[in-house]
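What the coordinates show
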Amino acid sequence: MKTVDEKQAFSTRLRQALKRSPRKIETATELSVQFSLRHPEAPITPQAAQKWLTGKARPTADKIETLAEWLDVSPMWLRHGVADKARPYTGNLTQMQDEPFQPTEEEILHLKRLRAMPEARRLLVLGVVEQFALDGEVWANK
């Protein structure tokens, strides 16, 4: 059984993903329409979308998969708040390549420590980094 906290946490992540999506979704009706276009075999009502947005309900796994694909986030992140893999960098790579990149000794040490970790821990750390990066994108685009 899903706890209220899990539903609230899902709601927070869903709203966060919606804020950074190309098409801004501001109401439960818009969410239900856009979702139903992408998941026609099981469309949702505005009431169901409202429950997702307010933390009163969490969608089934197949609906989370559809949401994740649509919103370009990891299904694992949307469901549990943990990234299952790092997202590819979508920023301006040309700008990054033009700037000289010299990692500090501390950054090199962190990278060595990260590479020495078991895969599960490495994914957890990368998930935290990804979450902070995603938070930055969401608040920067506000």
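Calculation criteria
- Residues numbered from 1 in each chain as written.
- Predicted model: local features only at pLDDT ≥ 70, side-chain atom pairs only at ≥ 80, totals over all residues.
- Heavy atoms only, no water.
- Salt bridge = Lys/Arg side-chain N within 4 Å of Asp/Glu carboxyl O.
- Helix = DSSP H or I, 4+ residues; strand = E, 2+ residues; numbered from the N terminus.
- Buried < 20%, exposed > 50% of the residue type's maximum accessible area, 1.4 Å probe, protein only.
- Contact = heavy atoms within 4.5 Å.
- Axes fitted to C-alpha atoms, helices over the stretch in contact; angles between N-to-C directions.
- Parallel < 35°, antiparallel > 145°, perpendicular 65-115°, else oblique.
- Patch = residues over 30% accessible without salt bridge, like charges linked within 9 Å, V, L, I, M, F, W, Y side chains within 5 Å.
- Areas by Shrake-Rupley, 256 points an atom, 1.4 Å probe, with all protein chains shown as cover.

So, on to the pattern of salt bridges. Counted by the stated rule, this structure contains one salt bridge. A salt bridge links E65 to R79; its shortest N-O distance comes to 3.7 Å. Here E65 is found in helix α4 (residues 61–71), whereas its partner R79 is found in helix α5 (residues 75–80), with 14 residues between them in sequence.

A few words now on α4. Where α4 is concerned, the buried positions are K63, I64, T66, L67, A68, W70 and L71. Note on α4: the residue one or two positions beyond its end, D72, has a positive phi of about 60°.

Let's shift gears to the environment of E65. Classification of E65 as partly exposed rests on a relative accessible area of 40%. Remark: the alpha-carbon pair of E65 and M76, spanning 11 residues in sequence, is separated by 9.0 Å. In contact with E65, not counting residues within four places along its chain, are P75 and R79.

Two elements in contact, helix α2 (residues 28–38) and α4, have axes whose closest approach is 10 Å; the angle formed by their N-to-C orientations is 100°. As summarised for this structure, α2 and α4 are arranged roughly perpendicular, according to the angle between their axes. Counted together, L31, Q34, F35 and R38 of α2 and K63, T66, L67 and W70 of α4 form the full contact between these two elements.

On the surface, M76, V82, L124, V128 and F132 cluster together into a nonpolar patch covering about 450 Å² of accessible area. Among the elements that take part in the nonpolar patch, helix α8 (residues 119–140) stands out by supplying three residues, more than any other. Structurally, the position occupied by M76 is in helix α5.

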